[in-house]
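# Fold and geometry: a report
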Amino acid sequence: MTNVSISNDIFSDFQDDQFHLEGYERSELVVNGIEEGCVDIDSLYSICGLNNEENTSDEQVRTNLLEDQQQSLSDWMQNHFLTNTVMPLQPVQIQSTIEAPTNDDFPPQVPEPANSSNEKPKPFSLASLELLSNYGRLSKKSSEENLCTNALSCEARLGNSHKLPMKEILRAAGERYIQYSTQRLDGLSMFIHPYGSALSGLCMEETRDVELVHLLLAAAEEVNNQQFHLASKLISRCMWVASDSGNPVQRLSYYFAKALEERIDRSTGRYTCTDEDHHLKYIKIMSLGTNAAFLTCHQLIPFSQVMQFAGVQTIFENVRSAKKIHLIDFNIRSGIQWIVLIQALAEKGDSPIELLKITAVGSIEKENFEATSNTLHSFTKSLGLPFSFDIVFVSDMKDFKKESANIKTDETVAVYCNSILRTMLSRPDCLDNLMKVVRSIGPKIIVVGEVEANHNSPSFLNRFIETLFFYSAFFDCFEDCMDRRSPCRTTIEGVYFGEGIRNIVAAEAEDRFTRNVKLEVWRAFFARFGMVEEELSESAWYQAHLILKQFAQGSSCDLQKDGKGLIIGWKGTPIHSLSIWKFL
């Protein structure tokens, strides 16, 4: 039997008619002042009167280990940014802090929050070499090959009149940071780094951006070493240039600098907000699907639509022959994802369904569920499709039970988990309970969409670098797809991205509730519950590629196969994963 795909006409109707937003006026935003010059970081240390404030014990360690780390660093810089060509998305081999499960309890893939006070800070110049090498090393080359390839890459870049993408800005800042670190090992000698020439040929804005990211790395170094006085001066310099309404590097740096400020406040006892309030704010952010800013973002940014259409296509293929269909959605938001499925089921002429039931499960914003219910009821009524909508509202997800979902024996059940499991990583009891309940329900298919990143490391430095690279792709994407003055962009960056960065960088232990792990970790976790991964169908892949063609910047998105699942990224940086599961 041939695969049935959700038609392109349905996609066009969905885009143009159902959720077209009008009357969203732009507003002028205040831009932070930016100085014309770009003060060198060594000059900043001189200005601060801190040129000679070296930690002698750290200096000795750095001196002894520097030579061993230089080759690893060269390997990473050369291989991770070999050319300006977008690299294919492949799982990055990172030394995992997560062990394989060994018993029937909650698996160690999602470790219990650690107490950061027990972690001994390491000099950033050494720790960063290790984490950067782990982050991007693909193969080992000789230093001669590194020098040769770098020269070619630099020459190609200088001959290109286009502005550097953000990943190249980060690359140049990393080179500059490493070069500076080696120069400061003593007050006299100067290490001639093979990447020094790669910093030439940049325009003024690019030079300022490189310097800004370099300042950010230097500030993180001092925060990690608990040199808070110096870190605060470096952060202040960052904030002179950073802006929440400037170019993407300035925007990215603004939120990271604010997060470092909060980490200092937490460490020095000046932090006054409660993490419970922040946690509630974070959970509410997850309901942005009913917000005009989120709906606009949904229309302009391809990630969510690619994931939703591929996931809905998979569900359609698994339930289309059923008479009664029950969809359980653990993060329904506005319910946009079900519009396409509803229309596809209504137009299915071979076997009309008797009932489509959607159960929305959540613990906050009950009024948003009711608004979504009204929207979907109105839409299904216009198509003459039998429909019911149930709301399961629990004060805590650990209280969710099978009985809550009101499953009937003649219903074919499908479960949709989009960016919800990660919110429970800091609360293993909730995640464990949810998976056990889902297993007891026995759905025919489970669709899981998650963030494809490693933000769960107990190491502050690892998280800082991982988060910096990950969010740089988002800010780069928004720069290409949305106007800088768009109030929708300001809302998403400030509330959604800003809160994620703040919590990942500033918080520790149980206060750090924003956590993400990669698909390979979820696979090991799901195996604990007897789940097996299903191959994403050709029709689902077709839907994903079809969606990208609808976006002007769709060519900047990467769709790659990871085992049986799908990874979507932006210019070579993985962003989301989509995987399909069944119980044995």
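I will try to describe carefully the structure that is included in this document. (Residues numbered from 1 in each chain as written. Predicted model: local features only at pLDDT ≥ 70, side-chain atom pairs only at ≥ 80, totals over all residues. Heavy atoms only, no water.)

### Section: the overall build of the protein chain
For the protein chain, the helix and strand inventory stands at 19 helices and nine strands. The buried share of the protein chain, taken over its 584 residues, is 57%. Summarising the internal contacts of the protein chain: among those between residues at least 6 apart in sequence, 82% fall at separations of at least 24. Accessible area of the protein chain: about 24,200 Å², with a carbon and sulfur share of 49%. (Helix = DSSP H or I, 4+ residues; strand = E, 2+ residues; numbered from the N terminus. Buried < 20%, exposed > 50% of the residue type's maximum accessible area, 1.4 Å probe, protein only. Contact = heavy atoms within 4.5 Å. Areas by Shrake-Rupley, 256 points an atom, 1.4 Å probe, with all protein chains shown as cover.)

### What about the packing of aromatic side chains?
Following the criterion strictly, the structure yields 22 aromatic pairs and no others. The interplanar angle of 90 degrees and the centroid separation of 5.0 Å between the aromatic rings of Tyr254 and Tyr255 together place this pair among those described as edge-to-face. Residue class for Tyr254 comes out buried when judged on its relative accessible area of 16%. An aromatic cluster is defined as three or more aromatic residues linked by ring pairs; in this entry it consists of Tyr254, Tyr255, Phe303, Phe470, Tyr471, Phe474, Phe475, Phe478, Tyr496, Phe497 and Trp570. Here Arg263 stacks its cationic end above the ring of Phe460, 4.0 Å away from the centre of that ring. Its end group placed over the ring of Tyr271, Arg266 keeps NZ or CZ at 4.2 Å from the ring centre. (Phe/Tyr/Trp six-rings, centres within 6.5 Å; stacked < 30°, edge-to-face > 60°. Lys NZ or Arg CZ within 6 Å of the ring centre and 35° of its normal.)

### Describing empty space enclosed by the protein
Evaluated as defined, the whole model comprises nine cavities of 30 Å³ or more. Reported here for the largest cavity is a volume of approximately 550 Å³. Of all the elements in the fold, those that place two or more residues in the lining of the largest cavity are α10 (275–285), α11 (292–300), α12 (302–319), α13 (336–346), α16 (460–481) and α17 (487–506). Of all the elements, α17 adds the most residues to the lining of the largest cavity, at six residues. Per-class residue counts for the lining of the largest cavity are 18 nonpolar, 12 polar and three charged. (1 Å grid on protein atoms, 1.4 Å probe; cavity = no way out; pocket = protein on both sides within 12 Å on 5 of 7 lines; lining within 4 Å. Points joined across faces, edges and corners; volume = space filled by probe spheres on them. Nonpolar A, V, L, I, M, F, W, Y, C, P; charged D, E, K, R; others polar.)

### Concerning α16
Note on helix geometry: an α-helix contains 3.6 residues per turn, so any two residues three or four positions apart are oriented the same way. If you check α16, its first and last C-alpha atoms are 31 Å apart, about what 22 residues at 1.5 Å a residue would give, namely 32 Å. Burial within α16 is extensive, with 19 of its 22 residues counted as buried. (Expected span 1.5 Å × (residues − 1).)

### What about the environment of Asp350?
Relative to the helices and strands, Asp350 resides in the loop between α13 and β2 (355–362). With relative accessibility at 54%, the residue Asp350 sits in the exposed group. Between the C-alpha atoms of Asp350 and Ser321, which are 29 residues apart in sequence, the distance is 8.9 Å.

### Here we look at the pattern of salt bridges
Evaluated as defined, the whole model comprises 25 salt bridges. With a shortest N-O distance of 3.0 Å, Arg502 and Glu499 are connected by a salt bridge. One end of the pair is Arg502 and the other is Glu499, both in helix α17 and three residues apart, which spans about a single turn. Under the relative-accessibility criterion, Arg502 is labelled buried at 8%. (Salt bridge = Lys/Arg side-chain N within 4 Å of Asp/Glu carboxyl O.)

### Considering unusual backbone geometry
Phi is positive for Gln226, which is not a glycine, with a value near 60 degrees. Considering the arrangement of structural elements, one finds Gln226 in the loop between α7 (204–224) and α8 (228–241). Positive phi, close to 55 degrees, is recorded for Asn406, a residue that is not glycine. With respect to the element layout, Asn406 can be found in the loop between β3 (387–393) and β4 (412–418).

### Topic: the environment of Phe294
Tracing the backbone shows Phe294 in helix α11. For Phe294, a relative accessible area of 16% puts it in the buried group. It is 8.6 Å that separates the C-alpha atoms of Phe294 and Thr491, two residues lying 197 residues apart in sequence.

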